[in-house]
Amino acid sequence: MAKHFVIFGRQGAGKGTQSELIVGRYDVVHLSTGDMLRSAIAQKTAVGMAVKAIIDSGALVDDDLICDLVIERMEADNLLEKGTLFDGFPRTTVQAEALEDLFSEVGIDAAINLEVPVEVVTERMLARGRGDDTPEAIAQRLALYEEQTRPVLDWFEQRSMLITVDGVGTPEEVFDRLCAQIDAKLGIETNGDSVGRSSYGE
Ligand code: ADP
């Protein structure tokens with residue numbers, strides 16, 4: 001059966017790398033609302049024109065617009081059947097509720113929180129040395145992430161859907177941890193036996 005995941009992580013947490021690995025292993029389609037919006041802006045679509053100034057200012061795009069965009073994409077690409085890795089969505093509890101409605105029949109398998117401490121992501125971003133990566137700008141982006149994302153993480157936590165993965169280590173180490181946690185969760189939710197069996201020898 002198709003799997004459906006959500007991934008969260010601070011800037012610099014390695015979400016892009018882990019997302020690619022997840023897509024390969026769990027056969028899901030990566031749906032990044034940030035990528036979709038950037039491509040709408042590049043193509044100068046009506047949506048693109050409407051959101052450009054908002055995105056440039058660092059604010060969030062309107063919930064209804066984002067939800068419409070996600071629904072359209074899911075239908076166009078038949079994602080309920082193919083499987084999905086949501087990235088950048090949901091970003092508000094209103095969006096989380098819309099997602100819950102969309103998946104009322106099939107369910108979301110897990111929300112993955114790739115956890116890398118603020119000090120570590122700050123060091124990583126400073127090491128890349130990009131022009132917009134000043135210590136002040138980084139701190140501001142991370143504070144905004146915390147403020148916006150915490151309520152959504154709590155929303156998933158309250159519904160026992162959140163998996164928190166330690167994101168410090170090599171990409172392979174992190175992915176191994178992530179898979180172990182996802183597999184345990186899938187086992188519990190889709191087939192109670194498989195978890196029991198896999199833990200016999202341990
Ligand atoms: P980041 O660069 O923080 O990883 P993304 O690439 O996911 O962010 O998104 C870039 C911008 O697009 C966000 O700052 C926001 O303005 C807008 N955006 C993306 N996804 C959403 C969403 N689900 N709800 C509202 N705005 C969004």
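What you see is a predicted model, and the numbers here were worked out from it, not measured in a lab.

Reading the values: rules and limits
- Residues numbered from 1 in each chain as written.
- Predicted model: local features only at pLDDT ≥ 70, side-chain atom pairs only at ≥ 80, totals over all residues.
- Heavy atoms only, no water.
- Helix = DSSP H or I, 4+ residues; strand = E, 2+ residues; numbered from the N terminus.
- Rg over C-alpha atoms; globule rule 2.2 N^0.38 Å.
- Buried < 20%, exposed > 50% of the residue type's maximum accessible area, 1.4 Å probe, protein only.
- Contact = heavy atoms within 4.5 Å.
- Axes fitted to C-alpha atoms, helices over the stretch in contact; angles between N-to-C directions.
- Nonpolar A, V, L, I, M, F, W, Y, C, P; charged D, E, K, R; others polar.
- Core = buried A, V, L, I, M, F, W, Y, C linked by side-chain atoms within 4.5 Å.
- Parallel < 35°, antiparallel > 145°, perpendicular 65-115°, else oblique.
- Left-handed = near helix turned anticlockwise from the far one by under 90°.
- Near = heavy atom within 4 Å.
- Polar contact = N/O pair within 3.5 Å; in protein donor to acceptor, adjacent residues only side chain to side chain.
- Areas by Shrake-Rupley, 256 points an atom, 1.4 Å probe, with all protein chains shown as cover.
- Pairing = 2+ DSSP bridges.
- Salt bridge = Lys/Arg side-chain N within 4 Å of Asp/Glu carboxyl O.
- Phe/Tyr/Trp six-rings, centres within 6.5 Å; stacked < 30°, edge-to-face > 60°.
- Lys NZ or Arg CZ within 6 Å of the ring centre and 35° of its normal.

1. Re the overall build of the protein chain
Looking only at helices and strands, the protein chain features ten helices and five strands. On C-alpha atoms alone, the protein chain measures out to a radius of gyration of 17 Å, which is about the 17 Å that the 2.2 N^0.38 rule sets for 202 residues. In terms of overall dimensions, the protein chain has C-alpha extents of about 55 × 40 × 30 Å along its principal axes. In the protein chain, buried positions account for 38% of the 202 residues. The contacts in the protein chain between residues at least 6 apart in sequence include a share of 71% that link residues at least 24 apart.

2. A look at unusual backbone geometry
Between Phe89 and the following residue, Pro90, the backbone shows a cis peptide bond with an omega angle of -5°. In this fold, Pro90 is placed in the loop between strand S3 (84–87) and helix H6 (93–102). One non-glycine residue, Ser160, lies in the positive phi region at around 55°.

3. Here's the deal with the packing of H6 against helix H8 (residues 135–158)
One can describe the packing of H6 onto H8 by two numbers: an axis separation of 9 Å at closest approach and a directional angle of 35°. Seen from H6, the contacting residues are Thr93, Ala96, Glu97, Leu99 and Glu100; seen from H8, they are Pro151, Val152, Trp155 and Phe156. Taken together, the residues that form the contact of H6 with H8 break down as six nonpolar, one polar and two charged.

4. Things to note about the nonpolar core
In a soluble, globular protein the nonpolar side chains are often hidden away together inside. Counting residues in hydrophobic clusters, the biggest one holds 27 residues, and the most contacted among them are Val6, Phe8, Phe86, Leu99 and Phe156. Looking at this core, the elements with two or more residues in it are strand S1 (4–9), helix H2 (33–42), helix H4 (63–76), H6 and H8.

5. Comments concerning the packing of H4 against H6
At a closest axis distance of 10 Å, the pairing of H4 and H6 adopts a crossing angle of 30°. Between H4 and H6, the crossing angle belongs to the class labelled roughly parallel. In terms of crossing hand, the pair formed by H4 and H6 is right-handed. On the side of H4, the interface is formed by Asp63, Ile66, Cys67, Val70, Ile71 and Met74, while H6 contributes Val94, Gln95, Ala98 and Leu102. For the contact of H4 with H6, a count of residues per class yields eight nonpolar, one polar and one charged.

6. Here we look at the site of the ligand
Taken together, 14 residues lie near the ligand, and Thr33, Arg38, Ala59, Gly88 and Arg91 sit nearest. For the ligand, an oxygen atom lies 2.6 Å from a polar atom in the backbone of Ala59. One nitrogen or oxygen atom from the side chain of Gln95 is found 2.9 Å from a nitrogen atom belonging to the ligand. Considering the ligand on its own, with 550 Å² of exposed area, one finds that the protein chains cover 80% of that surface. When residues of the shell around the ligand are assigned to their parent elements, the largest contribution, four residues, is made by H2. Among the residues making up the shell around the ligand, the classes are represented as seven nonpolar, five polar and two charged.

7. Concerning the pairing of S3
Because side chains alternate across S3, one face comprises the buried residues Thr84 and Phe86, and the other comprises Leu85 and Asp87, equally buried. Of the strand pairs in this sheet, S1 and S3 are connected by four bridges, and their pairing is parallel. Looking at S3, one finds that Val6 is bridged to Phe86. Relative to S3, strand S2 (residues 29–32) is paired through four bridges, and the arrangement is parallel. Looking at the pairing, Ser32 lines up with Asp87 of S3.

8. Focus: the pattern of salt bridges
Within this structure, the stated rule accounts for twelve salt bridges. The network of salt bridges with shared partners includes Arg10, Glu115, Glu146 and Arg150.

9. A few points about the packing of aromatic side chains
Applying the stated criterion across every chain, the model contains five aromatic pairs. On the numbers, 5.0 Å between centres and 75° between planes, the contact of Trp155 with Phe156 is edge-to-face. Just as Trp155 is buried, Phe156 falls in that class too. Three or more aromatic residues link up through ring pairs in this structure, and these residues are Phe8, Trp155 and Phe156. The cationic tip of Arg159 hangs over the ring face of Trp155; the distance from NZ or CZ to the ring centre is 3.8 Å.

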